[in-house]
Amino acid sequence: MSSFDLGFFDCDQPIGIVAGNLPHWRQRGVTYFVTFRLADALPAETIELWKREQDDWMQRNPVCDLSAKPADHKRRYEARCQKWLDAGYGSCLLRNPSERAIVADTLRHFDAIRYRLREWVIMPNHVHAIVTPLNDHSLSAILHSWKSFSATAIHRQLKQRGPLWQKESFDHIVRSTDHLQRIERYIHDNPGNLPNHHFTRGCVHGMAAT
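Reading the values: rules and limits
- Residues numbered from 1 in each chain as written.
- Predicted model: local features only at pLDDT ≥ 70, side-chain atom pairs only at ≥ 80, totals over all residues.
- Heavy atoms only, no water.
- Core = buried A, V, L, I, M, F, W, Y, C linked by side-chain atoms within 4.5 Å.
- Buried < 20%, exposed > 50% of the residue type's maximum accessible area, 1.4 Å probe, protein only.
- Helix = DSSP H or I, 4+ residues; strand = E, 2+ residues; numbered from the N terminus.
- Contact = heavy atoms within 4.5 Å.
- Phe/Tyr/Trp six-rings, centres within 6.5 Å; stacked < 30°, edge-to-face > 60°.
- Lys NZ or Arg CZ within 6 Å of the ring centre and 35° of its normal.
- Expected span 1.5 Å × (residues − 1).
- Arc of directions from axis to C-beta.
- Pairing = 2+ DSSP bridges.
- Polar contact = N/O pair within 3.5 Å; in protein donor to acceptor, adjacent residues only side chain to side chain.
- Axes fitted to C-alpha atoms, helices over the stretch in contact; angles between N-to-C directions.
- Parallel < 35°, antiparallel > 145°, perpendicular 65-115°, else oblique.
- Left-handed = near helix turned anticlockwise from the far one by under 90°.

Asks: Explanation requested: the nonpolar core in the structure shown.
Replies: Buried together is how nonpolar side chains tend to be arranged in soluble globular proteins. In terms of nonpolar packing, the biggest core is built from 33 residues, with Leu 107, Trp 146 and Trp 165 touching the most fellow members. At the level of secondary structure, the elements contributing two or more residues to this core comprise β3 (32–37), α2 (68–86), α3 (97–109), β4 (115–122), β5 (126–133), α4 (139–158) and β6 (170–173). Element by element, the count of residues in this core is highest for α4, at seven residues. Not counting residues up to four positions away in its chain, the partners in contact with Trp 165 are Phe 36, Arg 37, Leu 38, Ala 39, Leu 94, Val 103, Val 127, Lys 147, Ser 150 and Ala 151.

Asks: Is there a simple way to think about the packing of aromatic side chains in this case?
Replies: One pair of aromatic rings is described through two measures. These are the centre distance and the angle between the planes. Inspection of the entire model under this criterion finds four aromatic pairs. When the centroid spacing of 6.4 Å and the interplanar angle of 75° are considered together, the rings of Phe 33 and Tyr 186 count as edge-to-face. Highlighted residues: Phe 33 in strand β3 and Tyr 186 in helix α5 (residues 177–189), separated in sequence by 153 residues. When its relative accessible area of 28% is taken as the criterion, Tyr 186 is described as partly exposed. With 5.4 Å between their ring centres and 85° between their planes, Tyr 115 and Trp 146 make a pair best called edge-to-face. Of the two residues, Tyr 115 sits in strand β4 while Trp 146 sits in helix α4, which places them 31 residues apart along the sequence. Here the two residues Tyr 115 and Trp 146 agree in accessibility, since each one is buried. Grouped by ring-pair contacts, the aromatic residues Phe 36, Tyr 115, Trp 146 and Trp 165 constitute a single cluster. A cation over a ring is seen here: Arg 37 above Phe 170, with NZ or CZ 4.6 Å from the ring centre. When the ring centre of Phe 110 is taken as reference, the NZ or CZ atom of Arg 114 above it lies at 3.6 Å.

Asks: Would you explain α5 in this entry?
Replies: Residues three or four positions apart in an α-helix share a direction because the helix packs 3.6 residues into each turn. If you check α5, its first and last C-alpha atoms are 18 Å apart, about what 13 residues at 1.5 Å a residue would give, namely 18 Å. Within α5 the residues assigned to the buried category are His 179, Leu 180, Ile 183, Glu 184 and Ile 187. Considered in projection along α5, the buried side chains sweep an arc of 140° and stay on one side of the axis. Counted as exposed and oriented over 90 degrees from the buried face of α5: Asp 178 and Asp 189. Contacts from the buried residues of α5 go to β3, β4, β5, β6 and β7 (200–203).

Asks: Explain the pairing of β3 here, please?
Replies: Consecutive residues of a regular strand have side chains that alternate between opposite faces of the sheet. Burial analysis of β3 places six of its six residues in the buried class, the great majority of the element. Of the two faces of β3, the one holding Tyr 32, Val 34 and Phe 36 and the one holding Phe 33, Thr 35 and Arg 37 are both buried throughout. Sheet analysis places β3 next to β5, joined by six bridges and oriented antiparallel. By the bridge assignment, Arg 37 is partnered in β5 with His 126. Note that β3 and β6 share four bridges and pair antiparallel. Within β6, the position partnered with Tyr 32 by the bridge is Ile 173.

Asks: Help me out: how do you make sense of the environment of Asn 190 in this one?
Replies: With respect to the secondary-structure elements, Asn 190 resides in the loop between α5 and β7. According to the relative accessible area criterion, Asn 190 is buried, its value standing at 9%. With 104 residues separating them along the chain, Asn 190 and Asp 86 place their C-alpha atoms 8.2 Å apart. Residue contacts for Asn 190: discarding those within four places in its chain leaves Asp 86, Val 121, Met 123, His 126 and His 128. Separated by 3.4 Å, the side chains of Asn 190 and His 126 make a polar contact. At a separation of 3.3 Å, a polar atom in the side chain of Asn 190 contacts the side chain of His 128.

Asks: Sorry if this is basic, but what is going on with the packing of α3 against α4 here?
Replies: Axes are the key here: two packed helices are described by the angle between their axes and the distance separating the axes. The N-to-C vectors of α3 and α4 enclose an angle of 150°; their axes lie 9 Å apart at closest approach. It follows that α3 is roughly antiparallel to α4 by the angle criterion. As for how α3 packs across α4, the hand of that crossing is right-handed. On α4, the residues touching Ser 98, Glu 99, Ile 102, Val 103, Thr 106 and Leu 107 of α3 are Trp 146, Phe 149, Ser 150, Ala 153, Ile 154, Gln 157 and Leu 158.

Laid out in structure tokens, this is it:
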């Protein structure tokens, strides 16, 4: 992926906020760090706590206020959410290589057509990815496509029904090259001490580990 494929948050450009339980900021031509998780990956009380704290933060801080204090607050809370996910709550269905393969194929399917996919990792109960939507394709549509296609294929393979993914995702706009590099390191290091057969990781240059 070349630097021309990347776009960072610009406070001087229009910002859209997608309605939902969580705040989702949108700008045209930017790169996002996204996390989407299995439906049972977080306890209900944890999700409710996240919603209450985020609602409070949004009321107290303007959308474009990226000064250290509110930005640090948001990063700290997102870090807490990631730790909850990494604790391995729920069924951890994606620990199975066959289910992870479906998700990996889904992520790569429209790469360079609808979006540019950078680093990504499929963990036992969640997925991290850096993605830049192309042309008129929106992040919301891309995430919906990833979840819908992979859920249908996994349900067919396992002969089961019911919600597979949590409806909403965590996402935020990458702010700078330094921010991007920190996210890339986080994605690379996220598996920690997990054995290789419990995660699948990809990068700009192709598959890094399985």
